[in-house]
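Listed below, chain by chain, are the residues.
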Amino acid sequence: MDTFEIGDQDFLLNGEPFRILSGAIHYFRVHPDLWADRIHKARLMGLNTIETYVPWNEHSPFPGAFVADGGLDLGRFLDLVADSGMKAIVRPGPYICAEWDNGGLPAWLFTDPTVGVRSSEPGYLAAVSSYMESVLALVVPRQITQGGPVIMFQIENEYGAYGNDKEYLQHLVDLSKRSGVDVPLFTCDQPFGTMIEDGSLPELHKTATFGSRADERLAFLRERQPTGPLMCAEFWNGWFDNWGTHHHTTDAAASAAELDALLTAGASVNIYMFHGGTNFGFTNGANDKGIYEPTITSYDYDAPLSEDGQPTAKYFAFRDVIAKHFPVPAEVPALRASVPASVVAVSSTAPVLTSVSTSLVPGTVPPVEVTGQYRGFYLYETSLTAGGVLSFTEVRDRAQFFLDGVPVGVLSRELGERSVVIPGGGRLQVLLEDQGRVNYGQRIGEAKGLMGPALLNGVEVLDWEVGAVDLGSLEAFRSAAVALPHGAASAGVAGPSVSFVTFDAEGPGDRFLRLEGWTKGVAFVNGFNLGRYWSRGPQRTLYVPGPLIREGANELAILELHGSATREVSFAVGPDLGPDEK
């Protein structure tokens with residue numbers, strides 16, 4: 001039986017010193033047919049371990065559910081890590097941050113206002129226990145002590161930046177041990193103030209998260225943990241992007257120098273991210289530290305392995321640094337062959353506002369959670385006898401207003417907008433977009449939608465009809481789609497609408513969908529939600545994983561919220577994430 005333990009100065013694999021050289025790959029951000037490729041390329045860079053978060057809200061889309069197949073097959077992912085000869089670190093949260101929707105916490109959990117957030121509140125602990133038991137059923141038999149790859153298991157995640165409820169942390173520890181975890185349990189926190197002490201327990205191994213000034217950060221950690229191996233559990237070698245900003249990058253040589261300092265100091269490391277992947281669908285999170293900032297679809301992170309799995313200059317710089325300290329494989333990953341660029345034009349379209357069913361909710365305007373759908377788009381409807389100024393306490397997150405089908409305004413949480421002028425009486429429809437739930441700080445778990453009361457000229461508007469836009473299946477829009485006139489590709493498409501086109505392909509192969517001339521929305525290939533696009537940038541293309549493409553006929557669908565200047569889109573050879581940070 002293999003063992004993995006915490007020694008006085010080192011991690012010990014079967015009693016011998018072992019340095020963890022880990023890279024983060026989130027299985028839920030990568031097409032499952034590409035997992036083995038990404039893991040193999042991590043090994044070729046010189047890494048010996050793969051680390052992953054586990055997103056509770058993705059595995060449990062509604063109470064009592066735990067989905068663990070397809071792209072959420074954590075067991076298969078860990079088995080592929082083992083097949084590659086590598087070790088694994090599992091970080092199940094229950095809170096993961098990760099620039100992921102709600103930090104991984106399921107939105108349905110907080111429809112009960114008595115449920116706590118990241119605390120020892122009984123309702124929260126009961127839900128956490130159910131989730132953790134499902135995760136542990138997959139992880140425990142894959143521990144190194146049972147012939148698997150898992151060498152460490154994390155308790156919570158940077159908890160010291162949020163709270164210091166020791167009873168909550170102890171509950172997670174007890175549950176893990178009771179379920180059979182016998183590999184080391186650890187915590188990670190930022191090396192500032194009292195975060196490391198607040199976010200851990202005396203019996204847990206403590207690690208730090210940082211991206212620079214390695215010697216200083218490690219010294220801080222050592223002061224708070226006099227013995228045991230030093231580890232940077234998140235070595236931030238890049239960063240994420242928000243809509244309307246630049247694409248964040250870090251200099252490859254500078255990042256490599258920081259990695260060299262870490263390894264020279266004798267520390268273990270987990271590179272965050274080794275391969276970022278993509279926020280497919282509506283999975284992106286957001287920050288709100290006074291200004292709401294939703295994260296873009298790409299999670300490229302300026303990582304050593306790019307969003308589409310290509311080795312970058314940073315990959316080879318890191319590989320050279322690792323080779324100074326440890327043996328690396330002789331094999332070097334080859335660049336993937338590109339598929340030809342192409343242009344297609346949508347050929348049919350269906351309106352959104354007349355394709356959504358709504359139900360009356362008596363009383364004040366409700367949050368969107370009343371629909372039972374916790375991501376995406378929603379429609380509010382009501383009849384007004386007169387116009388005027390319509391205001392709300394807050395809009396979460398972006399609302400388009402239509403009077404008798406005619407656009408009359410947009411309210412954005414990002415800009416702090418709360419009131420719109422309605423020109424007269426008639427049928428009011430509001431298309432509401434949840435742009436991503438906050439993943440860090442005190443606004444985790446908040447409701448989405450039009451936050452009431454809704455006041456028209458100071459008088460409350462009651463009894464709204466509310467419905468969810470079902471984009472899980474596009475069939476309602478396919479059946480309502482009407483053909484667009486031929487030979488008018490430059491005429492554009494009115495929104496909000498869902499447009500379709502069938503295009504031919506020679507077979508699987510990565511592509512990048514460029515929607516130049518389109519404004520804002522979501523794109524789908526063969527029913528798979530590629531994520532959000534927005535003309536404000538920085539992201540200009542959407543990654544299309546090769547396994548989504550079939551030989552022969554394929555379907556592209558585009559939900560456009562405002563309108564396009566063209567009916568054409570192109571499939572590009574490479575990504576365009578906008579201007580880099582300078």
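Residues numbered from 1 in each chain as written. Predicted model: local features only at pLDDT ≥ 70, side-chain atom pairs only at ≥ 80, totals over all residues. Heavy atoms only, no water.

Caption draft 1: Broad picture of the sheet that holds strand β18 (residues 388–391). A sheet is described by the order of its strands in space; here four strands give the open sequence β22-β18-β25-β26, paired in antiparallel fashion. Among the strands making up the open sheet, the edge pair consists of β22 (419–422) and β26 (459–460). Examined bridge by bridge, strand β25 (residues 455–456) and β26 share two bridges and lie antiparallel to one another. Pairing of Leu455 across the sheet is with Glu460, part of β26. (Pairing = 2+ DSSP bridges. Helix = DSSP H or I, 4+ residues; strand = E, 2+ residues; numbered from the N terminus.)

Caption draft 2: Inspection of the pattern of salt bridges at higher detail. A full pass over the atoms with the stated rule returns 38 salt bridges. The residue Glu381 makes a salt bridge to Arg427 at a minimum N-O spacing of 3.5 Å. Note that Glu381 is positioned in strand β17 (residues 377–384) and Arg427 in strand β23 (residues 426–433), a separation of 46 residues in sequence. Where Lys448 meets Asp434, a salt bridge forms, and the shortest distance between an N and an O atom there is 3.5 Å. With Lys448 in the loop between β23 and β24 (449–451) and Asp434 in the loop between β23 and β24, this residue pair connects regions lying 14 residues apart in the sequence. (Salt bridge = Lys/Arg side-chain N within 4 Å of Asp/Glu carboxyl O.)

Caption draft 3: Examining the sheet that holds strand β32 (residues 528–534) more closely. Sheet architecture is open: six strands sit in the order β28-β15-β29-β34-β31-β32, paired in antiparallel fashion. Single-partner strands in this sheet number two, and they are β28 (482–483) and β32. Direction of pairing for strand β15 (residues 348–351) relative to strand β29 (residues 497–505): antiparallel, over a ladder of four bridges. Opposite Ala350, over in β29, you have Val498 as the bridge partner.

Caption draft 4: View of the packing of helix α4 (residues 122–139) against helix α5 (residues 166–178). α5 packs onto α4 with a crossing angle of 30° between their chain directions and a minimal axis gap of 10 Å. As summarised for this structure, α4 and α5 are arranged roughly parallel, according to the angle between their axes. Crossing geometry of α4 relative to α5 is assigned as right-handed. Note on element contacts: α5 touches α4 through Tyr168, His171, Leu172, Leu175 and Ser176, opposite Tyr124, Leu125, Val128, Ser129, Met132, Glu133 and Leu136. Looking at the contact of α4 with α5 residue by residue, the classes come out as eight nonpolar, three polar and one charged. (Axes fitted to C-alpha atoms, helices over the stretch in contact; angles between N-to-C directions. Parallel < 35°, antiparallel > 145°, perpendicular 65-115°, else oblique. Left-handed = near helix turned anticlockwise from the far one by under 90°. Contact = heavy atoms within 4.5 Å. Nonpolar A, V, L, I, M, F, W, Y, C, P; charged D, E, K, R; others polar.)

Caption draft 5: Just α4, in detail. Between its terminal C-alpha atoms α4 stretches 25 Å, which fits the 26 Å expected from 18 residues at 1.5 Å a residue. For α4, the complete set of buried residues consists of Tyr124, Leu125, Ala127, Val128, Ser129, Tyr131, Met132, Val135, Leu136, Leu138 and Val139. Those residues of α4 that are buried lie in contact with α2 (56–59), α3 (74–83), β6 (87–91), β7 (150–154) and α5. Among the residues of α4, the N-terminal cap falls to Glu121, whose side-chain oxygen and the backbone nitrogen of Gly123 are separated by 2.9 Å. (Expected span 1.5 Å × (residues − 1). Buried < 20%, exposed > 50% of the residue type's maximum accessible area, 1.4 Å probe, protein only. Polar contact = N/O pair within 3.5 Å; in protein donor to acceptor, adjacent residues only side chain to side chain.)

Read these as layout, nothing more, since geometry by itself doesn't imply function.
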